[in-house]
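Per-entry structural report
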Amino acid sequence: MDTVRVTAPPRLRLDVTAPGDKSIGHRSLILNAAARGEATVTRFPRGADTLATLSIMRALGVRVTETERSADGHSSTLRVRSAGAQGLSEPDRVLNARNSGTTMRLMLGLLAGAPLTAVLTGDRSLRGRPMGRVVVPLRMMGAQIWGRQDGALAPLTVRGAALTGRVYEMPVASAQLKSSLLLAGLSAAGATTVIEPAPSRDHTERMMAAMGARVRREAGSVSIEPSEMTASDVTVPGDISSAAPWLVAGLVHPDARVTVRGVGVNPTRTGILDVLREMGARLSMENEAETGGEPVADITVESSDLNAVEIGGAIIPRLIDELPVLTVAALHARGVSRIRDAAELRVKETDRISSTSAELSRMGARVEELPDGMVIYGGQRLVGAVVRSHGDHRLAMTLAVAALAAPGETIIHAADSVHVSYPGFWQEMGASLA
């Protein structure tokens, strides 16, 4: 499905279950690979990124068996058996992270102290994304890592080494960097402490603690002592990043009511909900519960009159993946919205500041680029147009949301990029518009 045509419906009524959280899906395999024993991972999301992690785990000798697959084929129940990080096998092939930055960065931390040598690569996009921010502090711990531009770019070769724990102050809030260092800290001599400039998603710390790692969380920092973890069952909650397009669609469409069920509402991930409420969104949460240490809830939104908002500072790490689709909400709001402190968007699957601005402008939006964000002029009347995703799953879904409230037909090229995180997205949309 390389090209999709979307026409705005007169009314939008949608009740969906969010696909499994991609971030937690990665960690459910990587952390159980670092642990000893057997565990079941339920509702593992079968997007391209998480399947890359699954393939790498098997290449390292971790026994992963699929015991069940959902009717739509988009999630699985997996049985994972591992002898721990020191029991991983040296792979007989290059490990391909495809388009997944999470896979590559977390694997660097896992492999830095493992008794093996491995080569990590990815697709063209991933080979151009910055890895130095992870490689440099891992080298400070004693890791042996080589790659293009002195390790700044993949492919990267990792040779397991004796590591020493350190105190490291991160220059930017990054859950991937933090998680990589904590994984390395499992086998390092002495404590490893990561100081954060702002809170980032904490799935790694939560899961490590559940597996018996000696993790200590304090305001502004996370520390880990050398630890042996025991494999632990994980039920993957719904991905708030995948729920976000439906939530924004329900707010900006003039006659809509949308419910997304089973969404993970970990406080380090709910920045989008805070911003939407600040904008005046009619948003409610029901059936709040906890699964595997992660809070979940059903979220319902209805058509709303939105107001402009300023987004920046400490909230950015809590909604970095949702900023493109929040741009659509801002276009339907009264006034001028600004996004700042989000330069990280320029080094994602595409330059999301440039590509989001350019493609929404084709639909009549007025969006100005900033070095670290955007200025979005609300009240612009969007219309159907020919647009493209630039191979970025988040942008493809953002353009679909814009199309749901834009008169005329919108043609989205490279629409199959959604398979990275949400393989059933277009089927879900088609069902809702039928």
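Residues numbered from 1 in each chain as written. Predicted model: local features only at pLDDT ≥ 70, side-chain atom pairs only at ≥ 80, totals over all residues. Heavy atoms only, no water.

1. So, the sheet that holds strand E13 (residues 221-224)
- Ordered in space as E10-E11-E13-E12, the 4 strands form an open sheet in which the pairing is mixed. Among the strands making up the open sheet, the edge pair consists of strand E10 (167-169) and strand E12 (215-218). Neighbour to neighbour, the strand axes of the sheet diverge by 15 degrees on average, direction disregarded.
- The pairing of E12 with E13 spans 4 bridges and is antiparallel. Within E13, the position partnered with Arg216 by the bridge is Ser223.
- Those strands touched by helix H8 (residues 203-210) are E12 and E13, and its axis lies near 140 degrees from that of E12. (Pairing = 2+ DSSP bridges. Helix = DSSP H or I, 4+ residues; strand = E, 2+ residues; numbered from the N terminus. Axes fitted to C-alpha atoms, helices over the stretch in contact; angles between N-to-C directions. Contact = heavy atoms within 4.5 Å.)

2. Things to note about the nonpolar core
- Counting residues in hydrophobic clusters, the biggest one holds 75 residues, and the most contacted among them are Ile311, Leu323 and Trp426.
- Other than its neighbours up to four places away in sequence, Leu323 contacts Ile311, Ile316, Ile339, Ala342 and Leu345.
- Of all hydrophobic cores here, the second largest spans 66 residues; its members include Val41, Leu110, Tyr168 and Leu183. (Core = buried A, V, L, I, M, F, W, Y, C linked by side-chain atoms within 4.5 Å. Buried < 20%, exposed > 50% of the residue type's maximum accessible area, 1.4 Å probe, protein only.)

3. Section: the packing of helix H11 (residues 323-331) against helix H12 (residues 352-362)
- Put simply, H11 and H12 touch, their axes get as near as 10 Å, and they point 40 degrees apart. Between H11 and H12, the angle is such that the two are oblique. Helix-helix and strand crossings are classified by hand; for H11 and H12 the assignment is right-handed. Side by side, H11 and H12 meet where Pro324, Thr327, Val328 and Leu331 of the first sit next to Arg352, Thr356 and Leu360 of the second.
- Counted by class, the contact of H11 with H12 contains 4 nonpolar, 2 polar and 1 charged residues. (Parallel < 35°, antiparallel > 145°, perpendicular 65-115°, else oblique. Left-handed = near helix turned anticlockwise from the far one by under 90°. Nonpolar A, V, L, I, M, F, W, Y, C, P; charged D, E, K, R; others polar.)

4. Some words on helix H13 (residues 393-404)
- The end-to-end C-alpha separation of H13 is 17 Å, in line with the 16 Å expected for 12 residues at 1.5 Å each.
- The element H13 is extensively covered by neighbouring structure, given that 12 of its 12 residues are classed as buried.
- Those residues of H13 that sit buried are His393, Arg394, Leu395, Ala396, Met397, Thr398, Leu399, Ala400, Val401, Ala402, Ala403 and Leu404.
- At the N-terminal boundary of H13, the capping side chain belongs to Asp392, with an oxygen 2.9 Å from the backbone nitrogen of Arg394. (Expected span 1.5 Å × (residues − 1). Polar contact = N/O pair within 3.5 Å; in protein donor to acceptor, adjacent residues only side chain to side chain.)

5. Describing the environment of Pro423
- Here Pro423 is to be found in the loop between strand E25 (409-413) and helix H14 (425-433).
- Among the residues examined, Pro423 registers a relative accessible area of 11% and is labelled buried.
- Taking the C-alpha atoms as reference points, Pro423 and Pro317, separated by 106 residues in sequence, lie 25 Å from one another.
- What Pro423 contacts, discounting residues up to four positions off in sequence, is Arg46, Gly47, His74 and Val418.

6. Focus: the sheet that holds strand E15 (residues 256-264)
- Taken in spatial order, the 4 strands line up as E2-E15-E17-E16 in an open sheet, and their pairing is mixed. Looking at the sheet topology across the chains shown, the edges are occupied by strand E2 (12-17) and strand E16 (282-291). Neighbouring strand axes in the sheet, compared pairwise and without regard to direction, differ in orientation by 10 degrees on average.
- Here 8 bridges tie E16 to strand E17 (residues 294-302), and the two strands are oriented antiparallel to one another. Across the sheet, the residue bridging to Thr291 is Glu294, located in E17.
- Docked against the sheet, helix H9 (residues 240-252) engages E2, E15, E16 and E17, running at close to 165 degrees with respect to E15.
- On top of the sheet, helix H10 (residues 271-278) reaches E16 and E17; it is set at about 155 degrees to E16, its chief contact.

7. Focus on the packing of H9 against H10
- Orientation of H9 relative to H10, taken along the N-to-C sense of each, is 15 degrees, at an axis distance of 11 Å. Here H9 is positioned roughly parallel relative to H10, judged by the angle of their axes. Crossing hand, H9 versus H10: right-handed. Taking contact as the criterion, the partners of Ile240, Ala244, Leu247 and Leu251 in H9 are, on H10, Ile272, Leu273 and Leu276.
- Here the residues of the contact of H9 with H10 are counted per class, giving 7 nonpolar, no polar and no charged.

8. Quick look at unusual backbone geometry
- A cis amide bond, omega 5 degrees, links Ala154 with the succeeding residue Pro155.
- Looking at the secondary structure, you find Pro155 in strand E9 (residues 153-159).
- At His390, a residue that is not glycine, the phi angle is positive and equals roughly 60 degrees.
- Tracing the chain through its elements places His390 in the loop between strand E24 (386-388) and H13.
- For His390, a relative accessible area of 27% translates into the label partly exposed.
- Look at Ala414: it is not a glycine, yet its phi comes out positive at around 55 degrees.

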